[in-house]
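Architecture and fold: a report
If you want the building blocks of each chain, they are given just below.
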Amino acid sequence: MEFPELEIHCTREDCQQVDFLPFECDCCKQIFCLEHRTYRAHNCPNSGDKDCQVLVCPLCAKGVKLVPGEDPNVTFERHSRSDCDTSNYERVMKKPRCPVDGCNEKLTFSNTVTCKDCQKKVCLKHRFPADHKCGAAANRNSGGKPSGTRQPGNRFLANFDKR
């Protein structure tokens, strides 16, 4: 091998795989390969409360921490009787959509634009005032100018129109 100092074997007895990007367990401080890096995969004796699993409630979309050694159905029943709020599901799971008629695009952080004129949140396809029938932009442009002319301060668009 060319880099013997980089070769590290998985500590698990039945594996011993040579690994160039090993994982060190933060509980037992032993070295493991990708397959045995989790507490459960290498049966870590020191994991204790660090091994945490969460169930997402299908009724309220909240995370419910599973109790180690307890049946997940029992944990879910306890949650549904105590702090399950079904009105939370719509708020968390339902994404806002573009308000333009005929557009059904979900508005996410990467495709949402807020119009500077009317303050509506629209998708990228309808980001220009003319595309989402912006009333504020129409009122601003109707101040005696023909609708086809551009604002005088934007030289790029003015030169573009001359082409």
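Residues numbered from 1 in each chain as written. Predicted model: local features only at pLDDT ≥ 70, side-chain atom pairs only at ≥ 80, totals over all residues. Heavy atoms only, no water.

Attention now moves to the overall build of the protein chain. Assigned secondary structure in the protein chain consists of four helices and eight strands. Going residue by residue from the N terminus, the α and β elements of the protein chain occur as β-β-β-β-β-β-α-α-β-β-α-α. Burial statistics for the protein chain: of 163 residues in total, 20% are counted as buried. Taking as baseline every contact in the protein chain between residues at least 6 positions apart, the subset at least 24 positions apart corresponds to 15%. (Helix = DSSP H or I, 4+ residues; strand = E, 2+ residues; numbered from the N terminus. Buried < 20%, exposed > 50% of the residue type's maximum accessible area, 1.4 Å probe, protein only. Contact = heavy atoms within 4.5 Å.)

Our next topic: the confidence of the model for the protein chain. Predicted confidence across the protein chain gives a mean pLDDT of 80, with 78% of residues reaching 70 or more. Contacts from residues 144-150, a stretch scored under 50 in pLDDT, to residues over four places away or in other chains number three contacts. (pLDDT = per-residue confidence, 0-100.)

The next subject is the nonpolar core. With eight residues, the main nonpolar core is built from Cys10, Cys25, Cys27, Cys28, Phe32, Cys33, Tyr39 and Cys44. Apart from residues no more than four positions distant in its own chain, Phe32 is found in contact with Cys10, Thr11, Arg12, Asp19, Pro22, Phe23, Cys25, Arg37 and His42. Counting residues in hydrophobic clusters, the runner-up holds six residues, among them Cys98, Leu107, Val122 and Cys123. (Core = buried A, V, L, I, M, F, W, Y, C linked by side-chain atoms within 4.5 Å.)

This next bit is on the side chain of His79. Summarising the element assignment, His79 is placed in helix H1 (residues 72-82). Filtering out sequence-adjacent residues up to four positions away, His79 remains in contact with Cys57, Cys60, Val64 and Cys84.

What follows deals with a positive patch on the surface. A surface patch of positive charge is lined by Lys94, Lys95, Arg97 and Lys106. Looking at the secondary structure, you find Lys94 in the loop between helix H2 (87-93) and strand S7 (112-114). The exposure class assigned to Lys94 is exposed, which follows from its relative accessible area of 58%. (Patch = residues over 30% accessible without salt bridge, like charges linked within 9 Å, V, L, I, M, F, W, Y side chains within 5 Å. Areas by Shrake-Rupley, 256 points an atom, 1.4 Å probe, with all protein chains shown as cover. Salt bridge = Lys/Arg side-chain N within 4 Å of Asp/Glu carboxyl O. Lys, Arg positive; Asp, Glu negative; His and termini not counted. Charge placed at Lys NZ, Arg CZ, Asp CG, Glu CD.)

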